[in-house]
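The residues making up each chain are set out below.
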Amino acid sequence: KITFCRNDTECIPFTIGSSDGIIKEKGGIYMIRYDNGNFYMKRVRFRIPNNFFINSDPESTDRYFIELRPPENDYILRVRILDDCKDTFLETCNYFSEDAGGTPAEPPSAISVGGMTGHHVIVNGDTVKTANYYAHLAMPDSKDEHFYYYIEVKDSERMRAILDFPEIKWFVDNIQYI
C-alpha cells in the first residue's frame, strides 16, 4: 500500500495490484499504467501502434481516457473505460438516436475482442461528411463498465478503409481482458 498526500489532511491510499501490476483505484485516483509495451486500463491491456502520438491536451477529462493519432493525423483513435453503461447494443444505438444526429451505416453488430463481447457500429454525420466507428465491449467482471474505443474521421468515405489499416487491426488484436 502507498499513500499520496496533497497536504496534511488530504491523503489518498491505493494498493498496487498482484503480479499483473495494475494499480487499483481508491479514493479517486485513476491511472493508466504502462509496462513493457502494454497499457492497462483497469483489467484491460492494449498496445499502441508504432509511431502513433498520444494527445497530451485532449478535450476529455474522463478518468480512463487516451487519445491517439497516427503520424498522418488523418483520424483519431480514442480509448476509454465507461461506467454506468447499459447493454452494449443499447449503448451503440445511442450514437444515432434522435438527439445524437447521426445515421448508422448499418445496424450495430456483435463483436468479440480479447475475451470481451459487445457491439460496434459506424455512424455517419447527418450534416457533415464525418464518420465515427464505435465499439463497446462489456468487461466480464463488471455490471456496468465497458472498454470502449472509437475512431473519428472527417471523410466518411474512408472509414471502412481505416478499419482495415494494419495498425488498426494490430491495435484490436492486442486488446486483452486480463
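Residues numbered from 1 in each chain as written. Predicted model: local features only at pLDDT ≥ 70, side-chain atom pairs only at ≥ 80, totals over all residues. Heavy atoms only, no water.

Draft legend 1. Examining the pattern of salt bridges more closely. Under the defined criterion, the tally for this structure stands at nine salt bridges. A salt bridge links Asp-164 to Lys-169; its shortest N-O distance comes to 3.7 Å. (Salt bridge = Lys/Arg side-chain N within 4 Å of Asp/Glu carboxyl O.)

Draft legend 2. A look at the sheet that holds strand 6 (residues 44-46). Strands sit in the order 4-5-6-15 across an open sheet of four strands; the sheet is antiparallel. The sheet is open, and its two borders are formed by strand 4 (33-35) and strand 15 (176-177), each paired with just one other strand. Here strand 6 runs beside strand 15; their pairing, made up of two bridges, is antiparallel. Paired with Arg-45 across the two strands is Gln-176, which belongs to strand 15. (Pairing = 2+ DSSP bridges. Helix = DSSP H or I, 4+ residues; strand = E, 2+ residues; numbered from the N terminus.)

Draft legend 3. A look at the confidence of the model for the protein chain. Of all residues in the protein chain, 79% attain a pLDDT of 70 or more, and the chain-wide mean is 82. Low pLDDT (under 50) marks residues 1-5, which in the prediction has 18 contacts with non-local residues, meaning those over four places away or in another chain. Taken together, the stretch residues 14-27 has pLDDT below 50 and engages in 36 contacts with residues farther than four places along the chain or on a different chain. (pLDDT = per-residue confidence, 0-100. Contact = heavy atoms within 4.5 Å.)

Draft legend 4. Focus on the environment of Tyr-149. The residue Tyr-149 is located in strand 14 (residues 146-153) in this model. Its relative accessible area of 2% is what places Tyr-149 among the buried residues. Separated by 13 residues in sequence, Tyr-149 and His-136 place their C-alpha atoms 7.0 Å apart. Here Tyr-149 is in contact with Leu-77, Arg-78, Val-79, Val-113, Tyr-133, Tyr-134, Ala-135, Leu-137, Phe-171, Val-172 and Ile-175, once residues within four sequence places are set aside. (Buried < 20%, exposed > 50% of the residue type's maximum accessible area, 1.4 Å probe, protein only.)

Draft legend 5. The arrangement of the packing of aromatic side chains in detail. Per the stated rule, a full pass over the model turns up 14 aromatic pairs. With 5.1 Å between their ring centres and 40° between their planes, Tyr-148 and Tyr-150 make a pair best called tilted. With centroids separated by 5.5 Å and ring planes inclined at 80°, the aromatic side chains of Tyr-149 and Phe-171 adopt a geometry described as edge-to-face. One end of the pair, Tyr-149, is in strand 14; the other, Phe-171, is in helix 3 (residues 166-173), with 22 residues separating them in the sequence. For the pair formed by Tyr-149 and Phe-171, the shared burial category is buried. An aromatic cluster of at least three residues, connected via ring pairs, comprises Tyr-34, Phe-39, Phe-46, Tyr-133, Phe-147, Tyr-149 and Phe-171. (Phe/Tyr/Trp six-rings, centres within 6.5 Å; stacked < 30°, edge-to-face > 60°.)

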